[in-house]
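# An overview of the molecular structure
Residue strings, one per chain:
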Amino acid sequence: MSKPANVVLLIDDEPKIRRFLRAGFELNSFVVLEAENATEALKIATFSPPDLIILDLNLPDLHGADVLERIRAWSNVPIIILSVAAGEDDKVRLLQAGADDYVVKPFGMAELLARSEAALRRYFKSATENPVVVAGPLSVDLVTRTVSLNKTPVRLTRKEYRLLHILATHVGLVVTHDQLLKEIWSGNQRDNIQYLRILVRKLRQKIETDPNHPRLLVTESGVGYRLQNRLDAETATDGVN
């Protein structure tokens, strides 16, 4: 018996964008619902709850950030933001408000689908699932707290493992600087991003083939970090931040 298809709600006031999104998601076996404004979107989300929401910020009757806030008041459904704005402050604010991810317009359908799949995997994850997170050649066992790279054990310090653990439990999704600082450090160190950058650099030395051009632990500039679960995209960064 095949598993039921995931349902995605597309919230965008541009018919061309919705058609483009519908085609991409339907080709990947999603059931697609559409809304052209916030009022319609909130009605669908309430009475026909989807498994995933793709949310444009520029809606005619209500800003997408307000839609996000209203849905987050009662639902943990994965929400991926679409936006023409790439400002770091906006991205951080949306992630902290409960967005699971964001994609800046113009975007590629393959990237959006990959991020959608990552968000859905996290959403449907249960205690009965395999506790081992795999990201390319990297394997993280969240129960035994063991890490291996190409099946070779990797020795990490307590803070290095804590950083990797947080990223692994959000594999494929961006985790903000603020989230990481709060979960790893206490006291004054919680506000010092330089501590985080140093820790990221040390972890990359142990898990990346080329730490100066990381493909596993990648930087989301000005926002945070992401543990890539797919290595077929262009993910290399300079490894400095």
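Preceding block: the structure.
What you see as residue numbers is a count from 1 along each chain, following the sequence as written. With pLDDT at 70 or above as the cut-off, local features in this predicted model cover only qualifying residues; side-chain atom pairs require 80 or more to be listed or tallied, and sums for whole chains, interfaces and linings still use all residues. Hydrogens and water are ignored here; the side-chain numbers use all heavy atoms of the structure.

## Observations concerning the packing of helix 6 (residues 158–169) against helix 7 (residues 177–184)
- Axes here refer to lines fitted to C-alpha atoms; in helices the fit is confined to the stretch in contact. Angles between the N-to-C directions go from 0 to 180 degrees. Strands are runs of DSSP state E lasting at least 2 residues, helices are runs of H or I lasting at least 4, and numbering of each runs from the N terminus. For the pair helix 6 and helix 7, interaxial distance at closest approach is 10 Å and the crossing angle is 135°. Accordingly, the angle class assigned to the pair helix 6 and helix 7 is oblique. Here the hand of the crossing between helix 6 and helix 7 comes out right-handed. The residues of helix 7 that touch helix 6, namely those facing Lys159, Arg162, Leu163, Ile166 and Leu167, are Leu180, Glu183 and Ile184. Put simply, angles under 35 degrees are roughly parallel, angles over 145 are roughly antiparallel, angles from 65 to 115 are roughly perpendicular, and the rest are oblique. Rotating anticlockwise by less than a right angle from the far helix to the near helix defines a left-handed crossing, while the corresponding clockwise rotation defines a right-handed one. Here a residue-residue contact requires only that any non-hydrogen atoms of the pair lie within 4.5 Å.

## Some details on the pairing of strand 12 (residues 224–227)
- The pairing of strand 10 (residues 174–176) with strand 12 spans three bridges and is antiparallel. Along strand 12, the bridge assignment pairs Val174 with Arg226.
- Pairing between strands is defined by DSSP: at least two bridges between the two strands are required. Sheet analysis places strand 11 (residues 217–220) next to strand 12, joined by four bridges and oriented antiparallel. Bridging across to strand 12, Leu217 finds its partner in Leu227.
- The turn linking strand 11 back onto strand 12 is made up of three residues, and Gly222 within it adopts a positive phi angle of 75°.

## Quick notes on the sheet that holds strand 8 (residues 146–149)
- Read across the open sheet, the four strands follow the order 6-7-8-9; overall the sheet is antiparallel. Single-partner strands in this sheet number two, and they are strand 6 (132–135) and strand 9 (152–153).
- Examined bridge by bridge, strand 6 and strand 7 (residues 138–141) share four bridges and lie antiparallel to one another. The residue of strand 7 that forms the bridge with Val134 is Ser139.
- Docked against the sheet, helix 6 engages strand 6, strand 7 and strand 8, running at close to 95° with respect to strand 7.

## Here we look at the side chain of His170
- Here His170 lies in the loop between helix 6 and strand 10.
- By relative accessible area, which is 16% here, His170 ends up buried.
- If near-sequence neighbours (up to four positions away) are discounted, His170 is found in contact with Arg122 and Val175. Exposure is judged per residue with a 1.4 Å probe applied to protein chains only, and the accessible area is read against the type maximum: over 50% gives exposed, under 20% gives buried, and values in between give partly exposed.

## Side note on the nonpolar core
- Residue types Ala, Val, Leu, Ile, Met, Phe, Trp, Tyr and Cys, when buried and joined through side-chain atoms within 4.5 Å, form a set referred to as a nonpolar core. With 29 residues, the main nonpolar core has Leu138, Val140, Leu163, Leu167, Leu180, Leu196 and Leu227 as its most contacted residues.
- The set of elements that each furnish at least two residues to this core consists of strand 6, strand 7, strand 8, helix 6, helix 7, helix 8 (193–207) and strand 12.
- When residues in this core are grouped by element, the largest group, six residues, is from helix 6.
- Setting aside residues up to four positions removed in sequence, Leu163 forms contacts with Leu180, Ile184, Leu196, Leu199, Val200 and Leu203.
- Counting residues in hydrophobic clusters, the runner-up holds 26 residues, among them Ala35, Leu68, Ile81 and Tyr102.

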